[in-house]
Amino acid sequence: MAHRIQGLMQWEKGRNGFVQKVFLLLVFGSLCDFTTGHIRYSIPEEMKKGSLIGNVAQDLVLDLKRLRSGRARIVSGENAQYTELKADKGILVVKEKIDREQLCGDTTPCSFSLEMILENPMELHQITVEVTDINDHSPAFKTHNLSFEISESATTGARFSLTSADDADVGINGLKEYVLTENDHFVLQQHSDADGKKYAEMILQKQLDREKTPNLSFKLIAVDGGIPQKSGTVIIDIKVLDVNDNAPVFNQSVYKATVMENAPKETYVITVKAIDADYGANNIVTYYFSDRNSPLADLFRITDTGAIYIKGDVDYEKVKKYELRIDAKDQGGLTDSSKVIIEVTDVNDNAPDISVMSFTSPVSEDSPPGTTIGIINVKDLDSGDNGQVSCKIEQNAPFKIKSNLRNYYTLVTDSVLDREIVSEYNITVVATDGGIPPLSAKTTFCLKVSDVNDNAPVFPQSLYSAFLPENNSPGVSVLTLRAKDPDENQNARVSYIVEDSSIGGSPISQYVSVNVETGVIQAVRSFDYEQIKELIFVVKAQDGGS
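Residues numbered from 1 in each chain as written. Predicted model: local features only at pLDDT ≥ 70, side-chain atom pairs only at ≥ 80, totals over all residues. Heavy atoms only, no water.

To be explicit about the condition: UniProt positions are given in the numbering used here, feature names are shortened, and annotations may be inferred rather than shown by experiment.
If you check an unreviewed UniProt entry, the protein chain appears there as Cadherin domain-containing protein from Nothobranchius kuhntae. UniProt lists a comment for the protein chain under the heading Function (unreviewed entry), and it reads "Potential calcium-dependent cell-adhesion protein. May be involved in the establishment and maintenance of specific neuronal connections in the brain."

Take a look at the structure:
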């Protein structure tokens, strides 16, 4: 019967002075003869090497002797290099300083998982380490200057997209807001994308006059919410153009499109369209990405006619949806903005990946059905049916695959083994996903079956006859016996003995003997036909296992 112990949320102070948040969840079970548990720790980034993450032995209720006898070790995890298990103390410590931004980027919460395994009996415990953010980055623009050319006839309320700042921190330490330094003509309006990324537009609130002020310069400041607060600045330079009184207008505020991942470069995506009511050169509209320094410019390109094409590699496993902000600008510098949402459709381009967590060979031939031979972990980076994996054994063999935890499978015996019939198996496990067409991966286990003494020696016949002339020499060979045992090694080593009996009141050992190793029967003395015409006796064969 399975037992479940759920701990409480608690706070501990590590050696480095940071406060760690520990959440403990232990699950003990009897599925396929091994135990599983799950603990979760929370630590701040940038902790020093050797800093305490958590007391694994205490939180999993494990004795230090058990950790040593079970050869406790970290067996998997994509970021295992950041931590080290001190099995002699039962603690998990920082092995390499962790940079949350390098590890997770802007993903929150940021965590990575490890698996700790113990043997004899088998135990598999999952450890999740959450890395919390500290304010160690300032907001930063990718350029020092933003240049605009704006017509003096631009109407109040005209909007101009500003480049976004990036802050590698997250949460309260991330980008909080933008501030526009004091000027007579523009105010700032802030927005957020669907994914929460902040961007800003400056809005013209007072008519420009090129004759009075041909150029303007002020600053856009990006501020984060950390303590102490950090900021980044970009200078905005505006050249005022003469006479252009109509801005382009997009025919849609939001465009939507779908592309297949791995679509080849120059694949067409969608076309946006803006109309300018002006005449002549002022009627010509050009299109560009609002944030010209965005990394999306490496994945997509837009033509002068507003057609968008794939420029780089689109990978569903990395990004499932893109949002592009597009500006349309006429020859007088007036602009309008629109948004393009591009959904990426998954294709089955990742085969399952099989990792062997544990494997035991040889296995005794008297092992009961259900004995665990190995544990594997199977993952598929695709989503939906493309990422659904099933496992099976390729051969017709006395084994089966069982699934007990997500992505984990155990290889167990399905019937009684007999070394004398089959002494070695090559077991191929195939993992197949649900994509069309499906992709698969294989791994082969070479399993040897060890012998137990389950067979007795057998003579090829139950009765042997031999003739001996009288007056023979003592020690002469009379007959050679051979018994066979199908076991191996010591269990198949046969020895021979003459069973105790008597003839005419004298023990049989005074008449014949048998070589214990070769089975050769010899006459102990010279026989007289007139006294003894026949000897009947029993020889036993026994193996090394008695």
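**What to know about the confidence of the model for the protein chain**
Here is the rule: Values of pLDDT, ranging from 0 to 100, describe the predictor's confidence in every residue of the model. Throughout, a residue-residue contact means that at least one pair of heavy atoms, one from each residue, lies within 4.5 Å.
Counting all residues, the mean pLDDT for the protein chain is 88, and 93% of those residues have values of 70 or more. Below a pLDDT of 50 lies the segment residues 1-32, which in the model reaches 82 contacts outside its immediate sequence neighbourhood of four places, other chains included.

**Brief notes about the sheet that holds strand β15 (residues 198-204)**
Convention followed: Note on pairing: two strands pair once DSSP finds at least 2 bridges between them. Numbering of helices and strands runs from the N terminus, with a helix taken as a DSSP run of H or I at least four residues long and a strand as a DSSP run of E at least two residues long. Here an axis means a line fitted to C-alpha atoms, over the contact stretch when the element is a helix, while the angle between two N-to-C directions is reported on a 0 to 180 degree scale.
If you trace the three strands from one edge of the open sheet to the other, you get β12-β15-β14, paired in antiparallel fashion. Two strands close off the open sheet at either side, each with one partner strand: β12 (159-161) and β14 (186-192). Within the sheet, the average angular offset between the axes of one strand and its neighbour, ignoring direction, is 30 degrees. Where β12 lies against β15, three bridges are found, and the strand directions are antiparallel. Pairing of R159 across the sheet is with I203, part of β15.

**So, the packing of aromatic side chains**
Going by this rule: We call Phe, Tyr and Trp rings a pair once their centres come within 6.5 Å, taking the six-membered ring for Trp, and we label the pair stacked below 30 degrees between planes, edge-to-face above 60, and tilted otherwise. Burial classes: relative accessible area under 20% of the type maximum marks a residue as buried, over 50% as exposed, and values in between as partly exposed (1.4 Å probe, protein chains only). Whether a charge sits over a ring depends on NZ of Lys or CZ of Arg being within 6 Å of the ring centre and within 35 degrees of the ring normal.
Tallied over the full model, the rule gives 14 aromatic pairs. Look at F186 and F218: their rings are 5.9 Å apart centre to centre, the planes differ by 40 degrees, and that puts the pair in the tilted class. With F186 in strand β14 and F218 in strand β16 (residues 215-224), this pair connects stretches of sequence that are 32 residues apart. Using a relative accessible area of 5% as the deciding quantity, one classes F218 as buried. Measuring from centroid to centroid gives 4.9 Å for F359 and F445, while their planes differ by 45 degrees, and the two rings are tilted. Of the two residues, F359 is situated in strand β27 (residues 353-359) and F445 in strand β34 (residues 440-450); the sequence distance between them amounts to 86 residues. The class of F359 is partly exposed, set by a relative accessible area of 30%. Taking the relative accessible area as the measure of exposure, F445 reaches 4% and is therefore buried. The ring centre of Y288 lies 4.3 Å from the NZ or CZ of R292, which sits over that ring. Lying across the ring of Y316, K320 places its NZ or CZ 5.0 Å from the centre.

**What about the nonpolar core?**
Just so we agree on the cut-off: Remark: nonpolar core denotes a set of buried residues (Ala, Val, Leu, Ile, Met, Phe, Trp, Tyr, Cys) joined through side-chain atoms within 4.5 Å.
With 27 residues, the main nonpolar core has V269, F300, I308, I326 and V340 as its most contacted residues. Put simply, the parts of the chain that give this core at least two residues each are β19 (254-260), β20 (268-271), β22 (285-289), β23 (300-302), β24 (307-310), β25 (321-330) and β26 (335-345). Examining the composition of this core, we find that four residues originate from one element, β25, more than from any other. Those residues in contact with V269 that sit more than four places away from it in its chain are A257, V259, F300, I308, Y309, I310 and I342.

**Some details on the domain arrangement of the protein chain**
To keep things clear, this is the line we draw: Segmentation into domains, and thus their bounds, comes from an automatic or database assignment.
Each domain of the protein chain was delimited in the assignment, giving domain 1 (38-132), domain 2 (145-241), domain 3 (249-345), domain 4 (353-450) and domain 5 (476-542). The C-alpha-based centres of domain 1 and domain 3 are spaced at 45 Å.

**A short note on the side chain of D330**
Applicable threshold: Charge counting follows a simple rule: Lys and Arg are positive, Asp and Glu are negative, and His as well as the terminal groups are ignored. Criterion for a salt bridge: a side-chain nitrogen of Lys or Arg within 4 Å of a carboxyl oxygen of Asp or Glu. Two N or O atoms count as a polar contact when they lie within 3.5 Å, although within protein this holds only if one can serve as hydrogen donor and the other as acceptor, and sequence-adjacent residues are included solely when both atoms are side-chain atoms.
By the element assignment, D330 lies in strand β25. Nearest to the buried, unbridged D330 among oppositely charged side chains is K329, at 8.0 Å. Of note is the side chain of D330, whose polar atom sits 2.9 Å from the backbone nitrogen of G332. Of the polar contacts made by the side chain of D330, one reaches the backbone nitrogen of L334; its length is 2.9 Å. Those residues in contact with D330 that lie beyond four places of it in its chain are N244, N246, A247, P248, D276, D278, N282, I284 and V285.

**With respect to the UniProt feature "domain: Cadherin" (unreviewed entry) in the protein chain**
Here the UniProt feature "domain: Cadherin" (unreviewed entry) sits at residues 35-141, 142-250, 251-354, 355-459 and 460-546. Secondary structure within residues 142-250 divides into 0% helix and 49% strand; the distance between the first and last C-alpha atoms comes to 27 Å.

**A look at the pattern of salt bridges**
Applying the stated criterion across every chain, the model contains 21 salt bridges. Put simply, E130 and R40 hold a salt bridge, and the shortest N to O gap is 3.6 Å. Placement of the pair is E130 in strand β10 (residues 122-132) and R40 in strand β4 (residues 34-44), with a sequence separation of 90 residues. With a relative accessible area of 27%, R40 lands in the partly exposed category. Across the pair R100 and E101 runs a salt bridge whose closest N-O atoms are separated by 3.4 Å. Residue R100 shares its accessibility class with E101, and that shared class is buried. Overlapping salt bridges, with partners in common, bring together R419, E420, D451 and E488 in one network.

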